[in-house]
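Tertiary structure, described
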Amino acid sequence: MRLITSTMVNKYCVIAESDMRKQIYWYFLFLSLVGLMQLTLGCSSSSNEIEPLKPEGGDTSFEKDEYTFMNVEYRKWQNGTFQAWTTADSRETRIIDNMNWYTPSSDYSRTAWGGRIGLQPSSVVGKEGFFRVASCGGRSYLLDPDNGAVIIHGIQHVRPGESTAHKKAFSTRYGSETRWSEETGKLLADNHINYISYGSNRIEVFPAAVRANLLTPKTQKIAYAENLYLLRTFMWDMSKNLGYAFDDDKYNRLVLLFEPTFATYIDHLVQEKSALFAGDRHFIGFYLDNELPFASYQNTDPLRGIDLKHFLSLPERYKAAREYAEKFMRDNGIASAGAITKKNQEDFRGMVADYYYQLTTATVRKYDKEHLILGTRLHDWSKYNQKVVEACVRYCDLVSINYYARWQPEADFLANLKVWCGTKPFLVSEFYTKAEDASYQGTGYANTEGGGWLVRTQKNRGEFYQNFCLRLLETQNCVGWVHFEYNDGYGSDGKASNKGVVSIEYEPYESFLSQMRQLNLAVYSLIDYYDTQSVQ
C-alpha cells in the first residue's frame, strides 16, 4: 500500500485550485463575448424588426390557425333523388368552439329589443321611434325603436301548423293558442331570437290572443315583418278581377306588371293592409313579394327569368307587356329578335326590375311612412344578377335574399353585394338545412320537400347554422338572418320535412337550438372580433 503524505496533498490542492481559476476565467470570458454580440445586434436592428415577446407557458392561441375546421356530411335532393353523402363544400365548416383566436365576451348593454347600446349611428334612414337602417363604425345595423344597434337573428312562420298531424299534436300538448304562445314566447326568449314572422299568404298581423306572448316574452321585445305579396296576390285574384286565371306554367308572371289594372289593384291592397300596422313599433316593415322570377341560370328558362324574346312573343291577352318589349326594341334600334345581344337582354331585365321596384315602393310609401321596405327576397339566380340587385337598391331600404343551394355564403358573391348594394345592407330572409334523424311517430321524415340540404343530425344543423352566420357576420353590410322556419313541415301526402326548430309534435330540437342560442348570444362579441381582424 502506498502512503499519502502531506506533501502530496498540498501538491494536488494547488493543481485543483489552478484548474478552477482557469474554468472561471473562460466562463466569464464567454459571458462577456455573448453580451457584446447582443449589444451589437441590438444597436444595428430597427425597432420595427424586434420580434414581440410571447407569453410564457408554451403554445398560445395565435400559434394555431384561426379556425379548426370541421367536415360535416350533407346530401342534396336533385332531379327527384338524393345524391351521395359528401363533404365537398363543407370541409371548412366553422363553429364558435373551434375559433382559436376568439375570446368570448358578454360585456354588452342591450335594449329590450336586443340592440347594442353605446354605438354612434350615422347615415340613418327611417322614422325615429320605429326600426331604421344605420351605419355604426362602418358596419350596417338596424336601429331599434330605442336606438339600439341590432342584428336580426330570427325565425319565420311562428304559428301553429295546419296539417292534421300538427293539429292533433297541438291539441294534446297545448289545448289552446294562449298556452302555445306562452311556451313559444319563452322558447324565443331563451334562445335569444329577436325577430319572427306570422307568415300568412294574405298579409295579416299576429292575432290578439297570441301577440303579447310572442312579441313581449319575459322582459324581451321581439320584432317582426310580413310580406305584402303584391304581384302574387294580383295573380291569385285574376280570375275574380279579370275573368281569367294566369297561365303560370306558360308565362313569366312578371308580365303582369304591365296589366292596366295592376297599379290600381296594389294601391287598394296597400292602403288596406298598411292600416293594420300603423303605429306598430314591433313591425320592422314590408317585404314586397317573394322569389320573383327575375333571372334564370344562363337565361335558359323564360318562366324563371325575364327574357326579351319571351315578352315579344306574348299573346294578345298580355299585349301590354309585349308592347313594352316592342318599345324597348325600337328605342334601342334592335331590328329583330335575332339581333338581340346579351347586353340588350340584361338592359331589358334591368328596366323591368326597375319598373317593378319603382311602382311598388312608391305605392307603399304613399300609405306607410313609418316602416321600412325590405325588398323581394331574391332567390336562385336572381340574387346573383347585378341589374336586379341594383334596381332593388335604388328603391328599397335593404336587399333581402333567400339563400339556398350553398353550404355557406360565397365569398365572391358577398364581395359583389358590397359593390352592388353601396351604402345599403342586405338581410338573409331564408336559409336552413334538414336532418336525417328527424322522425314522426317512429317513422323517419322523407325530407324531399324544400331547398335546404340534408345533414345527418340536429347537431349538424346547428353546425351549419353557426358556419353560415359566422360568415355573414364577417361581412359588414349584413343586418341579420331569418331561419326557415318554426315548425317542421307535414304535407298532404304524409311526407314530412325537417325545416323547423320544433318537430311536428312541437318538441324543440335542443341539440340544434343550443348552437343557435350560443351564436345569437355572441353576436356583438363576434362582431368586435371580426371588425378588429379586418383592420389588422
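Residues numbered from 1 in each chain as written. Predicted model: local features only at pLDDT ≥ 70, side-chain atom pairs only at ≥ 80, totals over all residues. Heavy atoms only, no water.

**Let's talk about the sheet that holds strand β5 (residues 132-136)**
The 4 strands are arranged β4-β5-β6-β7 in an open sheet whose pairing can be described as antiparallel. One side of each edge strand has no neighbouring strand; the edge strands of this open sheet are β4 (121-125) and β7 (149-150). Packed onto the sheet, helix α15 (residues 523-534) meets β6 (139-143) and β7 and runs at close to 160° relative to β6. (Pairing = 2+ DSSP bridges. Helix = DSSP H or I, 4+ residues; strand = E, 2+ residues; numbered from the N terminus. Contact = heavy atoms within 4.5 Å. Axes fitted to C-alpha atoms, helices over the stretch in contact; angles between N-to-C directions.)

**Notes on the sheet that holds strand β16 (residues 434-435)**
An order of β1-β19-β16 is seen for the 3 strands of this open sheet, with the pairing classed as mixed. Looking along the sheet, the strands with just one partner apiece sit at the ends: β1 (74-75) and β16. Where β1 and strand β19 (residues 454-455) come together, 2 bridges link them in antiparallel fashion. Considered in β19, the bridge of Arg-75 is made with Leu-454.

**Looking at the pairing of strand β8 (residues 152-155)**
Residues Ile-152 and Gly-154 line one face of β8 and the alternating positions His-153 and Ile-155 line the opposite face, and both faces are buried. With 4 bridges joining them, β8 and strand β20 (residues 478-483) adopt parallel strand pairing. Its bridge partner being in β20, Gly-154 is matched across the sheet by Val-482. Inspection of the sheet shows β8 paired to strand β9 (residues 195-196) by 2 bridges, in the parallel sense. Across the sheet, the residue bridging to Gly-154 is Tyr-195, located in β9. (Buried < 20%, exposed > 50% of the residue type's maximum accessible area, 1.4 Å probe, protein only.)

**Considerations on the pairing of β5**
For β5, the tally of buried residues reaches 5 of 5 residues, placing the bulk of the element in the interior. Residues Arg-132, Ala-134 and Cys-136 of β5 are buried on one face, and the alternating residues Val-133 and Ser-135, pointing to the opposite face, are buried as well. One ladder, built from 3 bridges, connects β4 with β5; its direction is antiparallel. The partner of Val-125 across the bridge, within β5, is Val-133.

**Describing the pattern of salt bridges**
The tally for this structure, following the rule as stated, stands at 31 salt bridges. Note that Lys-319 and Glu-316 form a salt bridge whose closest N and O atoms lie 3.9 Å from each other. Residue Lys-319 is classed as partly exposed on the basis of its relative accessible area, which comes to 38%. Between Asp-347 and Lys-343 there is a salt bridge; the shortest N-O distance is 2.7 Å. (Salt bridge = Lys/Arg side-chain N within 4 Å of Asp/Glu carboxyl O.)

**Digging into helix α11 (residues 386-395)**
Among the residues making up α11, those that are buried are Val-388, Val-389, Ala-391, Cys-392 and Val-393. Buried residues along α11 sit against α10 (342-367), β13 (378-379), β14 (399-402) and α12 (411-421). The N-terminus of α11 is capped by Asn-385, whose side-chain oxygen sits 3.1 Å from the backbone nitrogen of Lys-387. (Polar contact = N/O pair within 3.5 Å; in protein donor to acceptor, adjacent residues only side chain to side chain.)

**Some points on the nonpolar core**
In terms of nonpolar packing, the biggest core is built from 148 residues, with Leu-142, Ile-196, Ile-284, Phe-294 and Trp-481 touching the most fellow members. If we skip the residues at most four places from it in the chain, Ile-196 touches Ile-155, Val-158, Leu-188, Phe-206, Leu-214, Leu-215, Ile-222, Ala-223, Tyr-224 and Ala-225. (Core = buried A, V, L, I, M, F, W, Y, C linked by side-chain atoms within 4.5 Å.)

**Side note on the environment of Leu-378**
By secondary structure assignment, the location of Leu-378 is in strand β13. Leu-378 sits in the buried class, given a relative accessible area of 2%. Leu-378 sits 86 residues away from Leu-292 along the chain, and the two C-alpha atoms are 7.0 Å apart. If we ignore the near neighbours within four places in the chain, the residues touching Leu-378 are Phe-294, Tyr-357, Lys-383, Val-388, Val-389, Val-399, Ser-400, Ile-401 and Asn-402.

**Some remarks on the packing of helix α9 (residues 319-331) against α10**
Running from amino to carboxyl end, α9 crosses α10 at an angle of 130°, the nearest separation of the two axes being 11 Å. Judged on the interaxial angle alone, α10 and α9 are oblique. Here α9 and α10 pass one another in a crossing that is right-handed. The residues of α10 that touch α9, namely those facing Tyr-324, Ala-325 and Phe-328, are Asn-344, Asp-347, Phe-348, Met-351, Val-352 and Tyr-355. Looking at the contact of α9 with α10 residue by residue, the class counts come to 7 nonpolar, 1 polar and 1 charged. (Parallel < 35°, antiparallel > 145°, perpendicular 65-115°, else oblique. Left-handed = near helix turned anticlockwise from the far one by under 90°. Nonpolar A, V, L, I, M, F, W, Y, C, P; charged D, E, K, R; others polar.)

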